[in-house]
Amino acid sequence: MDNLTSKEKVEVKEPSTENKKNAYETENFVRIQDYTGEGYKLRESRPETGKLAEEHRGEIEEAVQEFFLSNYKTEVIVHNIVGAVDGATVFVESVGEPHFYTYAIISIDVDSGTVETDEVWSEEGQVENAIQGALYAMIYEHEFATLDKYLESILQNHPVVGVPVEAVEKVGGSGFSSSVYRTSKLGNEFQGIYDMYLENPEISKEELKKNLSKADFKPNQMLILIELYMKESDTEPDHAVFDKIVSDIKEMEGIPRGAYTIILNDNLIDKRRGIGTKDNTLESMNPNEIIKE
């Protein structure tokens with residue numbers, strides 16, 4: 001039953017900035033457990049490109065897979081195709097090691113209704129960054145396993161969750177990633193192992209590690225972002241859990257070298273942008289990132 005007075009109804013038709021924000025959140029914010037990547041939209045995307053991309057999905061998958069084999073000697077699986085301005089963004093996952101998520105872009109001519117399969121490209125440094133982070137994870141697999149084991153214990157013993165794997169596959173595109181963390185590298189110290197991998201994709205982890213040790217990279221050149229969400233709806237980020245994770249990471253031995261950022265959101269994520277951070281998010285980041293030597 002509608003209990004609003006006539007005056008109040010007029011105010012709803014002309015909402016305040018806060019009401020507009022709430023209307024956006026009502027339409028687009030979903031529980032993290034329900035998030036699959038559906039509803040994700042690129043800025044200035046056009047529905048025509050998305051429709052054409054879906055109609056030519058087979059051609060696009062084939063062209064993008066060939067692009068990664070030719071340019072990065074890497075076999076990939078196509079998980080998702082999202083319409084953009086004059087093309088489509090194609091989210092992929094590598095097969096085997098080095099394991100990473102990234103994306104490529106394919107041109108679409110809306111006027112002629114054709115997908116230009118010979119026009120596949122990637123944003124500068126995007127794929128290279130993803131591969132270099134994944135090679136780092138290969139080299140330090142035992143350290144990442146230690147980090148994985150710790151975060152699994154956090155998920156089991158505290159009311160927090162990560163991002164569903166389906167969403168990571170469909171719209172993640174962030175290099176070496178799991179449901180609870182992702183990596184990103186800075187600087188050129190990883191260029192050497194990247195070149196070695198492209199020259200010989202079968203190169204051993206020991207050879208890669210030997211080369212990386214010569215590069216003498218600093219921990220702040222590998223960013224490791226741990227991002228969690230509260231498990232229950234209508235729950236503010238828990239300070240005690242957040243403080244525990246920050247303290248544990250500071251004290252832990254045997255996890256990968258890097259600059260760690262911890263983020264704890266409430267239970268909601270913006271499905272259009274794939275972002276969960278909000279005003280109430282708890283985060284430790286620059287200059288408070290945790291450096292593990």
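A short tour of the structure in this document, coming up.

Cut-offs applied
Residues numbered from 1 in each chain as written. Predicted model: local features only at pLDDT ≥ 70, side-chain atom pairs only at ≥ 80, totals over all residues. Heavy atoms only, no water. Axes fitted to C-alpha atoms, helices over the stretch in contact; angles between N-to-C directions. Helix = DSSP H or I, 4+ residues; strand = E, 2+ residues; numbered from the N terminus. Parallel < 35°, antiparallel > 145°, perpendicular 65-115°, else oblique. Contact = heavy atoms within 4.5 Å. Nonpolar A, V, L, I, M, F, W, Y, C, P; charged D, E, K, R; others polar. Buried < 20%, exposed > 50% of the residue type's maximum accessible area, 1.4 Å probe, protein only. Phe/Tyr/Trp six-rings, centres within 6.5 Å; stacked < 30°, edge-to-face > 60°. Salt bridge = Lys/Arg side-chain N within 4 Å of Asp/Glu carboxyl O. Pairing = 2+ DSSP bridges. Polar contact = N/O pair within 3.5 Å; in protein donor to acceptor, adjacent residues only side chain to side chain.

Considering the packing of helix H5 (residues 126-139) against helix H8 (residues 191-199)
Geometry of a packed helix pair, given as the angle between the helix axes and the separation of the axes.
Consideration 1: Remark: H5 packs on H8, axes separated minimally by 9 Å, with the N-to-C direction vectors making an angle of 90 degrees. The angle between H5 and H8 places the two elements in the roughly perpendicular class. Contacts from Glu 128, Ile 131, Gln 132, Leu 135, Tyr 136 and Ile 139 in H5 reach Gln 191, Ile 193, Tyr 194 and Tyr 197 in H8.
Consideration 2: In the contact of H5 with H8, the residues fall into 7 nonpolar, 2 polar and 1 charged.

Here's the deal with unusual backbone geometry
Consideration 1: Residue Pro 98 follows Glu 97 across a cis peptide bond; omega there is -5 degrees.
Consideration 2: Looking at where Pro 98 falls in the secondary structure, it is placed in the loop between strand S3 (87-94) and strand S4 (101-109).
Consideration 3: If you check the backbone angles, Asp 234 has positive phi at about 55 degrees while not being a glycine.
Consideration 4: Mapped onto the secondary structure, Asp 234 falls in the loop between strand S8 (222-230) and helix H10 (239-251).
Consideration 5: Looking at Asp 234, the relative accessible area reads 85%, which means it is exposed.

Comments concerning the packing of aromatic side chains
Consideration 1: One pass over the structure, following the stated rule, counts 14 aromatic pairs.
Consideration 2: Seen from their ring centres, Tyr 136 and Tyr 140 are 5.1 Å apart, and the 55 degrees between their planes marks the pair as tilted. Per residue, the accessibility class of Tyr 136 equals that of Tyr 140, and both read buried.
Consideration 3: Ring geometry for Tyr 136 against Phe 217: centres 5.5 Å apart, planes inclined by 85 degrees, an arrangement best described as edge-to-face.

A word on the pattern of salt bridges
Pairing between side chains of opposite charge can happen when their charged atoms approach one another.
Consideration 1: Under the definition given, this model contains 16 salt bridges.
Consideration 2: Glu 227 is paired through a salt bridge with Arg 182; the nearest N and O atoms lie 3.2 Å apart. In this pair, Glu 227 sits in strand S8 while Arg 182 sits in strand S7 (residues 181-185), placing the two residues 45 residues apart along the sequence.
Consideration 3: Among the residues examined, Glu 227 registers a relative accessible area of 9% and is labelled buried.
Consideration 4: According to the relative accessible area criterion, Arg 182 is partly exposed, its value standing at 31%.
Consideration 5: For Asp 216, the salt bridge identified is with Lys 218, shortest N-O distance 3.4 Å.
Consideration 6: The class of Lys 218 is partly exposed, set by a relative accessible area of 41%.
Consideration 7: Connected through shared salt-bridge partners, Glu 38, Glu 166 and Lys 170 make up one network.

Comments concerning the pairing of strand S2 (residues 76-83)
Consideration 1: Buried residues dominate S2, accounting for 7 of its 8 residues.
Consideration 2: Bridge count for S2 against S3 is 7 bridges, and the pairing is antiparallel. In the strand pairing of S3, Val 82 is matched with Thr 89.
Consideration 3: Between S2 and S3, which pair antiparallel one after the other, the connecting turn spans 3 residues.

Topic: the pairing of S3
Consideration 1: The buried fraction of S3 amounts to 8 of the 8 residues, a majority that puts the element mostly inside the structure.
Consideration 2: Along S3, one buried face is formed by Gly 87, Thr 89, Phe 91 and Glu 93 and the opposite face, lined by Ala 88, Val 90, Val 92 and Ser 94, is buried too.
Consideration 3: Hairpin geometry of S3 and S4 is characterised by an intervening segment of 6 residues between the two adjacent antiparallel strands and by a positive phi of about 75 degrees at Gly 96.

Thoughts on the environment of Arg 31
Consideration 1: By secondary structure assignment, the location of Arg 31 is in strand S1 (residues 29-31).
Consideration 2: Considering only alpha carbons, one finds Arg 31 and Glu 54, 23 residues apart in sequence, at a separation of 27 Å.
Consideration 3: Beyond its immediate stretch of four places on either side in the chain, Arg 31 contacts Lys 231, Ser 233, Asn 267 and Leu 268.
Consideration 4: Within the structure, the side chain of Arg 31 is placed 3.3 Å from the side chain of Ser 233, a separation counted as a polar contact.

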